Amino acid sequence: MNDMNNKAAIIDDEIDICFLLARILRQNDRQVSYAHSLHDGSTLLHDETPSLLFLDVNLPDGSGMEFLPRIREMYPQTKIIVISAFDSTKERQAAISNGADAFVGKPFTRQEINTIIHQVGA
């Protein structure tokens, strides 16, 4: 795995979610960075360009869902997994139509995360 493929990022304002995801990702030999807002996440993506991104929908400074097409355009190789406490068919369809590779509802299990990483090929 080269350096870019080894990097994962999390943009979520819930610190416990960041810690949980980071632990799972590190067990998969990933270098993990996280940010708690769209602004900080934008800087993180620019500086590190991860191969895998977990993006929350509801962030303090805006909607991850609305930011998603911009991320997809700027970082087309990055696999994007949207995470949200609002797990509905409508939310899942919106994530995919906005450019996400996958959607995971909160709360999630370690197995769900490992499965989705494998499914998106990251």
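Keep in mind that this is a model prediction, so the values were computed, not measured.

The rules behind each value
- The residue numbering used here restarts from 1 in each chain and proceeds along that chain's sequence as written.
- Only residues with pLDDT of at least 70 get local features here, since the model is predicted, and only at 80 or more are side-chain atom pairs given and counted; chain-wide, interface and lining totals rely on the full set of residues.
- With hydrogens and water excluded, all non-hydrogen atoms of the structure serve as input to the side-chain values.
- Numbering goes from the N terminus for both helices and strands, where a helix is a DSSP run of H or I of at least four residues and a strand is a run of E of at least two.
- Polar contact criterion, stated in full: a pair of N or O atoms within 3.5 Å, where within protein one must be able to donate a hydrogen and the other to accept it, and residues adjacent in sequence count only if both atoms are side-chain atoms.
- In this description, contact between two residues means that some pair of their heavy atoms is separated by no more than 4.5 Å.
- Expected span of a helix, by definition, is 1.5 Å for each gap between consecutive residues, and there is one gap fewer than residues.
- For every residue, the accessible area (1.4 Å probe, protein chains only) is compared with the maximum for its type, and the residue is labelled buried under 20%, exposed over 50%, or partly exposed between those bounds.
- Directions from the helix axis toward the C-beta atoms define the arc.
- Definition used for salt bridges: Asp or Glu carboxyl oxygen within 4 Å of a side-chain nitrogen of Lys or Arg.

Participant: Could you give me a rundown of the side chain of Lys106, with the residues and numbers involved?
Facilitator: Residue placement: Lys106 occurs in the loop between β7 (102-105) and α6 (110-120). Engagement of the side chain of Lys106 in a polar contact is seen with the side chain of Asp12, the distance being 2.9 Å. Within the local environment of Lys106, its side chain forms a polar contact with the side chain of Asp56, the two groups lying 3.4 Å apart. The contacts of Lys106, once residues within four sequence positions are left out, are Asp12, Glu14, Ile17, Asp56, Ile83, Ser84 and Ala85.

Participant: Lay out helix α2 (residues 15-27) with the relevant residues and their values.
Facilitator: Taking 1.5 Å of rise per residue, the 13 residues of α2 would be expected to cover 18 Å, and the 18 Å separating its terminal C-alpha atoms lies within 8% of that figure. Regarding α2, the residues found buried are Ile17, Cys18, Leu21, Ala22, Ile24 and Leu25. Axial view of α2: buried residues confined to an arc of 165°, hence all on one face.

Participant: Describe the pattern of salt bridges, listing the residues and the values that go with them.
Facilitator: The tally for this structure, following the rule as stated, stands at five salt bridges. Across the pair Lys106 and Glu14 runs a salt bridge whose closest N-O atoms are separated by 2.8 Å. Highlighted residues: Lys106 in the loop between β7 and α6 and Glu14 in the loop between β1 (7-11) and α2, separated in sequence by 92 residues. Lys106 is paired through a salt bridge with Asp56; the nearest N and O atoms lie 3.4 Å apart. Of this pair, Lys106 sits in the loop between β7 and α6 while Asp56 is found in strand β3 (residues 52-56), placing the two residues 50 residues apart along the sequence. In this structure Lys106 comes out as buried when scored by relative accessible area, which is 12%. Residue classification places Asp56 among the buried positions, given a relative accessible area of 4%. Where salt bridges share partners, they join Asp12, Glu14, Asp56 and Lys106 into one cluster.

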